[in-house]
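Next come the chains, spelled out residue by residue.
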Amino acid sequence: MHFRDNIDYPPMLTRPAVFIPLLSAIFASLWWFGAGDSAIGRLVLGLVPMAEGNPLNLATAAFVTALVGFNIFVVMRLPLRQQVWLVWGELAALILLFFYSFDLSFAFIQRKIGFLITQGLVTTLYISAVSIVIATVLALLGAVAKLSSNGIAQGIAHFYTSLFRGLPLLMQIYMIYLGLPQLGYVVDAVPTGIAALSLCYGAYMTEIFRAGIESIPKGQWEAARALGMRPTSVMTRIILPQSMRVIIPPTGNQFISMLKDSSLVSVVGVWELMYLARTQGQTEFRHIEMMVTASLIYWLLSIVLELLQKRIETHFNKAATR
Amino acid sequence: MTSVKTAPAAIEITGLSKWYGSMQVLHGIDLTVAQGERLVICGPSGSGKSTLIRTINALEGFQQGEIKVAGIRLTRDQAVVEDVRRRVGMVFQQFNLFPHLTVLENCALPLRLVRGLSATEARDRSMHYLSKVRIPEQALKYPAQLSGGQQQRVAIARAVAMQPEVMLFDEPTSALDPEMVKEVLDVMVGLAEEGMTMAVVTHEMGFARQVADRVIFMDAGRIVEQGPPTTFFTAPKSERTQAFLQQVLH
């Protein structure tokens, strides 16, 4: 934690005033929504034969509440790091269980996953990676333009961020794909996707970069300029490396968001992950299999980006942490 | 004093006036600093002393008058300003070290970028000057790991390593804890003894007595009084100087 006070608060969940209402609420809502009808209800029925309906609802609610209570009791006794990882793992297991409950055909997934990866994932990664690079360049240019004393550059940058933050990304994709041919330029689907994602995310990231550059105290500019360093050196060697601490976390957010927004490109028929997930299931009416598979692939990619962001953050933080 | 006066001027300021909007902060300042001269500028806060020395390396602009540094007339032309800044070193009240670079890199990076030194030359020269401010052992640490006094000594080393013709100090000890003031002043005294031309804005009257060739008292954007420290401190002419000295000398 960034700031740890020197007070030993009793952990929230050990206070009866917290855990009794919490468990009661879980119990009551499970009972109220008829937990006996669920997969867990059938599990309870298998363990203890009883009448369905209200008794089963009650028993299921009690079973789940007890499980949650026992879980909290065990987890609270672990060291902090293990608590975090265990809870993360449990929640992930619940999500997977949720997917599993769809009664998926794994044979079908196995048959299709190869194509989903070699065609869909590769296209998604290609579009996202190229867009990320272009968006970063646009953002840097936009931020420098906004902070410059050049009225034309400022005007262009302000208009750019206003327009591309102001239109829905889906609209931008259509505008480029269907609008530009009116001017005589026919743009292919993939370049359309890359252009729209780059322009849109470049506009958001312009603001992130601008705020990052502005967060550096004036004294840093003065010291560098007083030493005789040229403006470009000041920017690239002194200001930007320090701004990175401020820029990286929201930019990581943007990259993760862009990765998934690349799925919007599927509307113009690019064979990326989302498009294939929608179309591959159609022939055999196995939509949910493909959706679940694609979801997990998106999630895994996001996790990779999260870890990458963390590494870069640590790198740029090394001077600030003793 | 007489020997210093015959040397060519390091800084020549004539009729310098500056306004912030409608408020005039410098009123026709005339000031010449000879080569090798140690000048101390004092005065109450808001008197324009920081603004004055910040105009010398163009960190502040001005509307009227003329500044010459080593014979170069300061304009708003980039080449001229950068030429002047390469001849003038500056030490700030808030140190302004680059927090993302180690102590060594703080000194070496400007040497490489501005003086065009190779990585090894820059490192060797940086280490030489870090030794002179007596902190070579801190070279690989980051500024945040150093005390205020140590940081200010690094800032001095960084500026002096550029081998400027003139050093400007803008209240170099005002942000320091009392017990760290001496270590910084000692470094500055050492620099003065080597014959560096210095213009120092400070309230450290002990330093002024020990080192200065001339002390200037500013108030409300004007130079009110100036003279060698012996006469300045013992027989100040103007009432405002007397009142100010009574406040700072105990």
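What counts, and at which threshold
- Residues numbered from 1 in each chain as written.
- Chains lettered and ligands numbered in written order.
- Predicted model: local features only at pLDDT ≥ 70, side-chain atom pairs only at ≥ 80, totals over all residues.
- Heavy atoms only, no water.
- Helix = DSSP H or I, 4+ residues; strand = E, 2+ residues; numbered from the N terminus.
- Rg over C-alpha atoms; globule rule 2.2 N^0.38 Å.
- Buried < 20%, exposed > 50% of the residue type's maximum accessible area, 1.4 Å probe, protein only.
- Contact = heavy atoms within 4.5 Å.
- Pairing = 2+ DSSP bridges.
- Axes fitted to C-alpha atoms, helices over the stretch in contact; angles between N-to-C directions.
- Patch = residues over 30% accessible without salt bridge, like charges linked within 9 Å, V, L, I, M, F, W, Y side chains within 5 Å.
- Areas by Shrake-Rupley, 256 points an atom, 1.4 Å probe, with all protein chains shown as cover.
- Salt bridge = Lys/Arg side-chain N within 4 Å of Asp/Glu carboxyl O.
- Buried area = accessible area lost by both parts, 1.4 Å probe.
- Polar contact = N/O pair within 3.5 Å; in protein donor to acceptor, adjacent residues only side chain to side chain.
- Arc of directions from axis to C-beta.
- Parallel < 35°, antiparallel > 145°, perpendicular 65-115°, else oblique.
- Left-handed = near helix turned anticlockwise from the far one by under 90°.
- Nonpolar A, V, L, I, M, F, W, Y, C, P; charged D, E, K, R; others polar.
- Phe/Tyr/Trp six-rings, centres within 6.5 Å; stacked < 30°, edge-to-face > 60°.
- Lys NZ or Arg CZ within 6 Å of the ring centre and 35° of its normal.

(A) Seen up close, the overall build of chain A. Summing up its helical and strand segments, chain A has twelve helices and zero strands in all. Tracing chain A from N to C terminus, the helices and strands come up as α-α-α-α-α-α-α-α-α-α-α-α. Against the globule reference of 20 Å for 322 residues, chain A gives a C-alpha radius of gyration of 26 Å, more extended than a compact globule. Each principal axis of the C-alpha distribution contributes one length, and for chain A these read about 80 × 60 × 30 Å. Going through the 322 residues of chain A one by one, you find that 36% of them count as buried. Summarising the internal contacts of chain A: among those between residues at least 6 apart in sequence, 71% fall at separations of at least 24.

(B) Main features of the sheet that holds strand β1 (residues 9-20) of chain B. All names here are of chain B. With antiparallel pairing, the four strands of this open sheet are ordered in space as β2-β1-β4-β5. Each end of this open sheet is capped by a strand with a single partner; those strands are β2 (23-34) and β5 (72-73). Across five bridges, the pairing between β1 and strand β4 (residues 64-69) is antiparallel. Bridging from a neighbouring strand, T14 pairs with E66 of β4. Relative to the sheet, helix α2 (residues 49-56) contacts β1, β2 and β4, its axis offset from that of β1 by approximately 120°.

(C) Local environment of a nonpolar patch on the surface. Residue and element names in this part refer to chain A. Together, L80, V84, W85, W88, I95 and W299 make up an exposed nonpolar region whose accessible area comes to about 650 Å². For the nonpolar patch, the element with the most residues is helix α4 (residues 80-100), which contributes five residues. As for its position among the elements, W299 is in helix α12 (residues 287-317).

(D) Structural context of the interface of chain B and chain A. At the junction of the two partners, chain B supplies 26 residues and chain A supplies 21 residues. For the pairing of chain B and chain A, the buried interface totals around 2,100 Å² over both sides, and the portion due to carbon and sulfur atoms is 59%. When the buried surface of chain B facing chain A is broken down by residue, B:R85, B:F98 and B:H100 rank first, second and third, together holding 25% of it. Viewed at the interface, chain A and chain B are joined by three salt bridges. With a closest N to O distance of 3.3 Å, B:E82 and A:R225 form a salt bridge. The interface formed by chain B and chain A holds five residue pairs in polar contact (both at pLDDT 80 or more) in total.

(E) Expanded view of helix α3 (residues 78-87) of chain B. Within the span of α3(B), buried status applies to B:V81, B:E82, B:V84 and B:R85. One face of α3(B) carries all of its buried residues, which in axial projection span an arc of 160°. Packing partners of the buried residues in α3(B) comprise α9 (218-226) and α10 (231-261) of chain A together with α2, β4, β5 and β6 (88-91) of chain B. Between the side-chain oxygen of the N-cap and the backbone nitrogen of B:A79 there are 3.1 Å, and the N-cap of α3(B) in question is B:D77.

(F) Expanded view of the pattern of salt bridges. The final tally for this structure, using the stated rule, is 22 salt bridges over all chains. A salt bridge links B:K18 to B:E60, with the shortest nitrogen-to-oxygen separation between them at 3.7 Å. Separated by 42 residues along the polypeptide, B:K18 in strand β1 and B:E60 in the loop between α2 and β4 bring together distant segments of the chain. Of the two residues, B:K18 and B:E60, neither departs from the other in class, the shared state being buried. For the salt bridge of B:R87 with B:D83, the shortest nitrogen-to-oxygen distance reads 3.1 Å. In this pair, B:R87 and B:D83 are both assigned in helix α3, four residues apart and thus about one turn of the helix distant. One network of salt bridges, in which partners are shared, links A:K218, A:E222, B:K18, B:R54 and B:E60.

(G) Geometry of the packing of helix α5 (residues 106-147) of chain A against helix α8 (residues 189-214) of chain A. All names here are of chain A. At a minimum axis separation of 6 Å, α5 and α8 run at an interaxial angle of 40°. Relative to α8, α5 is oriented oblique. The interaxial crossing formed by α5 with α8 has right-handed handedness. Of the residues that constitute the contact of α5 with α8, the class distribution is 18 nonpolar, six polar and four charged.

(H) Layout of the sheet that holds strand β8 (residues 197-201) of chain B. All names here are of chain B. Pairing in this open sheet of six strands is mixed, and the strands run β6-β7-β8-β3-β9-β10 from one edge to the other. Pairing within the sheet leaves two strands with one partner each, and these edge strands are β6 and β10 (222-227). The average angle at which neighbouring strand axes cross in this sheet is 20°, direction not considered. Inspection of the sheet shows strand β7 (residues 166-170) paired to β8 by five bridges, in the parallel sense. Of the residues in β8, the one forming a bridge with F169 is V200. Relative to the sheet, helix α6 (residues 148-161) contacts β6 and β7, its axis offset from that of β6 by approximately 175°.

(I) Fine view of the packing of aromatic side chains. Residue and element names in this part refer to chain A. Inspection of every chain in the model, using the stated rule, returns twelve aromatic pairs over all chains. Here W271 and Y275 contribute two aromatic rings whose centre-to-centre distance is 6.2 Å and whose plane-to-plane angle is 25°, an arrangement assigned as stacked. Exposure remark for W271: the relative accessible area of 43% places this residue in the partly exposed category. Ring pairs connect the aromatic residues F98, F99 and F102, which therefore count as one cluster. Lying over the aromatic face of F73, R77 brings its terminal NZ or CZ to 4.0 Å of the ring centre.

(J) Broad picture of the environment of A:V292. Residues and elements named next belong to chain A. Turning to its location among the elements, V292 is positioned in helix α12. Accessibility expressed as a relative area gives 7% for V292, which makes it buried. With residues up to four places along the chain from it excluded, the contact list for V292 reads F99, F102 and L104.

This is a description of form; function is not addressed.
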